Amino acid sequence: MKIVFFGNTRYSVIVAKALFQTFGLAGIVTIPDSPVKTFALENKVPVVESRTLNNETIKKIAVLRPDFLVVCDYGLFLPDQL
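What counts and how
Residues numbered from 1 in each chain as written. Predicted model: local features only at pLDDT ≥ 70, side-chain atom pairs only at ≥ 80, totals over all residues. Heavy atoms only, no water. Helix = DSSP H or I, 4+ residues; strand = E, 2+ residues; numbered from the N terminus. Buried < 20%, exposed > 50% of the residue type's maximum accessible area, 1.4 Å probe, protein only. Pairing = 2+ DSSP bridges. Axes fitted to C-alpha atoms, helices over the stretch in contact; angles between N-to-C directions. Phe/Tyr/Trp six-rings, centres within 6.5 Å; stacked < 30°, edge-to-face > 60°.

S.K.: Describe the environment of Leu41, naming the residues involved and giving the relevant values.
M.R.: Note that Leu41 resides in helix H2 (residues 35-42). For Leu41, a relative accessible area of 55% gives the class exposed. Separated by 11 residues in the primary sequence, Leu41 and Thr30 place their C-alpha atoms 12 Å from one another.

S.K.: Go over the sheet that holds strand S1 (residues 3-6) with me, naming the residues and quoting the values.
M.R.: Here we have four strands laid out as an open sheet, ordered S3-S2-S1-S4, and parallel in their pairing. Each end of this open sheet is capped by a strand with a single partner; those strands are strand S3 (47-49) and strand S4 (68-71). On average, adjacent strands in this sheet sit at an angle of 20 degrees to one another, irrespective of strand direction. Across four bridges, S1 lies against S4 in parallel orientation. Residue pairing for S4: Phe6 is matched across the bridge by Val71.

S.K.: Provide a residue-level description of the packing of aromatic side chains, including the pertinent values.
M.R.: With the rule as written, the count across this model stands at two aromatic pairs. Measuring from centroid to centroid gives 5.3 Å for Phe6 and Tyr74, while their planes differ by 80 degrees, and the two rings are edge-to-face. One end of the pair, Phe6, is in strand S1; the other, Tyr74, is in the segment after S4, with 68 residues separating them in the sequence. Tyr74 matches Phe6 in its accessibility class, with the two residues each being buried. Their ring planes at 90 degrees and their centres at 5.9 Å tell us that Phe20 and Phe39 sit as a pair that is edge-to-face. Here Phe39 lies in helix H2 and Phe20 lies in helix H1 (residues 10-22), a separation of 19 residues in the sequence. Of the residues examined, Phe20 reaches a relative accessible area of 27% and is grouped as partly exposed.

Purely spatial values, then, with no claim about function.
Now the structure itself:
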């Protein structure tokens, strides 16, 4: 099962950590220089950084081939394409 996590804040890190420990994470989508990015880098989880969910970002997420998307305190609406 491949999970891609969307989050930006220190509160998001709590959920990301629980998912990572229980299921693992195929990737993390976040804004640049967020606490979630720091968590991802520390745990060697692939990171997609973007302030918008444009077509280029969606293509990067698609490469991860997720089964599930989990969102916690992300701040952006996920487009229908995801």
